[in-house]
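# Structure assessment
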Amino acid sequence: MTAQKRMKAIAINRFGGVDTLVPRDLPVPGIGPGEVLVRVEVAGVGEWDPFEREGGYAEMMGMTPEFPYVLGSEGAGTIAAVGEGVTRFAPGDRVYAVGFLNARGGFYAEYTAVNADMVSPIPGGLSTEQAAVVGGVGLTAVRGLDDTLHIQPGESVMVFGASGGVGHVAVQIARRMGARVLAVASGEDGVALARRIGADAVADGRADDVLVAARAFAPDGLDAALLATGGDTAQQALLAMRSGGRVAYPNGVQPEPTAPDGVRIDAYNGDPDPDAIARLNRLIEQGPFDVHVARTFPLAQAADAHRALGEHFVGKLALRTG
């Protein structure tokens, strides 16, 4: 166990706006059987974190959390200690981890206790920052493309919201699954990112006629689409789906899209489990993988990071604890 007894953290004392995110001095969490203590170096800032901060998940899932409440469902760092029965890890191992709605406390802290099944060595080629932010969006992409859409080699796939956290990872995963990918990104910087990560074709959702672009990309109709974001343009783009095509979107996308006649549409969750984490790692390790971190904030500036979630950026945001 670490000799350090107290830690810096960002915690909330009540659900609410960004003003609830305040620096706190808290006890380092203890670990039980099957858990590890991670010395967090970088925490990911999820697009879903404000919903958790406002109490949305607690209400949705009938939870009564204890305050002070530490947010953060993903991060990377070093194993500080291992609990009884843990043999895969040892102190000093470099890891990334996910811990959505972790009752023991999240990653907006110097230390967090996590179920060892939700922890993995950092995939080859990723920096600590990149590993810290890839867990949530990577698993969401895998669950959408592999488990929900069942993408096959040679299929035409549209990734809508391709310059965001989920989207830019999904473009790369779909390509590694053998699909032809049309990336619909946002703004010039988003288009540049989508091109850099290997999309077969790119449309600017703000400036281009996406339906025309989709029909040009797949004249016989798109086989599948992953919508990482919603709205009128996304809805219009679905008119390019072929009969029998499939559409998937993560729960939480608003407004919820609807499919044209003859097209299947499914909402899904990016739930973590060891198998999905292993599949994500294998896909990442097939070659160079670009996890784009737009900005990294000091831990004490978590409120600024949450404000930035409402602004235009590409990729992901992160917090550095030290």
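Residues numbered from 1 in each chain as written. Predicted model: local features only at pLDDT ≥ 70, side-chain atom pairs only at ≥ 80, totals over all residues. Heavy atoms only, no water.

### Brief notes about the packing of aromatic side chains
The criterion, for reference: Pairing of aromatic rings covers Phe, Tyr and the six-membered ring of Trp, with a centre-to-centre limit of 6.5 Å; geometry is then stacked below 30 degrees between planes, edge-to-face above 60, and tilted otherwise. Whether a residue is buried, partly exposed or exposed follows from its accessible area with a 1.4 Å probe, protein chains only, as a fraction of its type maximum: under 20%, in between, or over 50%, in that order. Each ring is checked for a lysine NZ or an arginine CZ that lies within 6 Å of its centre and within 35 degrees of its normal; such an atom marks a charge sitting over the ring.
For the structure on display, the rule yields five aromatic pairs. Aromatic side chains Phe-51 and Tyr-57 sit 4.8 Å apart centroid to centroid with 90° between the ring planes, which places their arrangement in the edge-to-face category. Residue classification places Phe-51 among the partly exposed positions, given a relative accessible area of 35%. Among the aromatic residues, ring-to-ring pairing joins Phe-15, Phe-67 and Tyr-69 into one connected group. Looking at Arg-39, its charged tip hangs above the ring of Tyr-111, at a distance of 5.6 Å from the centre. Its guanidinium or amino end placed over the ring of Phe-217, Arg-180 lies 4.2 Å from that ring's centre, counting from NZ or CZ.

### Brief notes about the sheet that holds strand β1 (residues 6–12)
The criterion, for reference: Two strands pair under a simple rule: DSSP has to find at least two bridges between them. Strands here mean DSSP runs of E at least two residues long; helices mean DSSP runs of H or I at least four residues long; both are numbered from the N terminus.
Taken together, the three strands give an open sheet; going across it, the order is β2-β1-β4, and neighbouring strands pair in antiparallel fashion. If you trace the sheet from one side to the other, it starts and ends with β2 (22–27) and β4 (69–70), each paired once. Here β1 runs beside β4; their pairing, made up of two bridges, is antiparallel. Paired with Ile-12 across the bridge in β4 is Tyr-69.

### Section: the layout of surface pockets
The method is simple in principle: a probe with the dimensions of a water molecule rolls over the atoms, and the space it marks as empty is what remains. As a reminder, the rule being used: Only protein atoms enter the 1 Å grid used here. Points where a 1.4 Å probe fits but cannot escape make up a cavity, open sets with protein on both sides within 12 Å along at least five of seven lines make up a pocket, and a residue lines them when an atom lies within 4 Å of a point. Grid points are joined across faces, edges and corners, and a volume is the space filled by probe spheres set on the points. Polarity classes work like this: nonpolar for Ala, Val, Leu, Ile, Met, Phe, Trp, Tyr, Cys and Pro, charged for Asp, Glu, Lys and Arg, and polar for all others, with Gly in that last group.
Here the largest pocket is characterised by a volume of approximately 1,400 Å³. Taken together, 45 residues make up the lining of the largest pocket; nearest its centre are Glu-47, Trp-48, Val-166, Ala-228 and Asn-251. For the lining of the largest pocket, the secondary structure elements donating two or more residues are α2 (56–61), α3 (128–148), α4 (165–176) and β10 (180–185). Its residues assigned to classes, the lining of the largest pocket shows 19 nonpolar, 22 polar and four charged. In this structure, the second largest pocket encloses a volume near 410 Å³. Taken together, 19 residues make up the lining of the second largest pocket; nearest its centre are Glu-66, Pro-68, Ala-103, Arg-104 and Gly-105. When the residues that make up the lining of the second largest pocket are grouped by side-chain class, the tally is 14 nonpolar, three polar and two charged.

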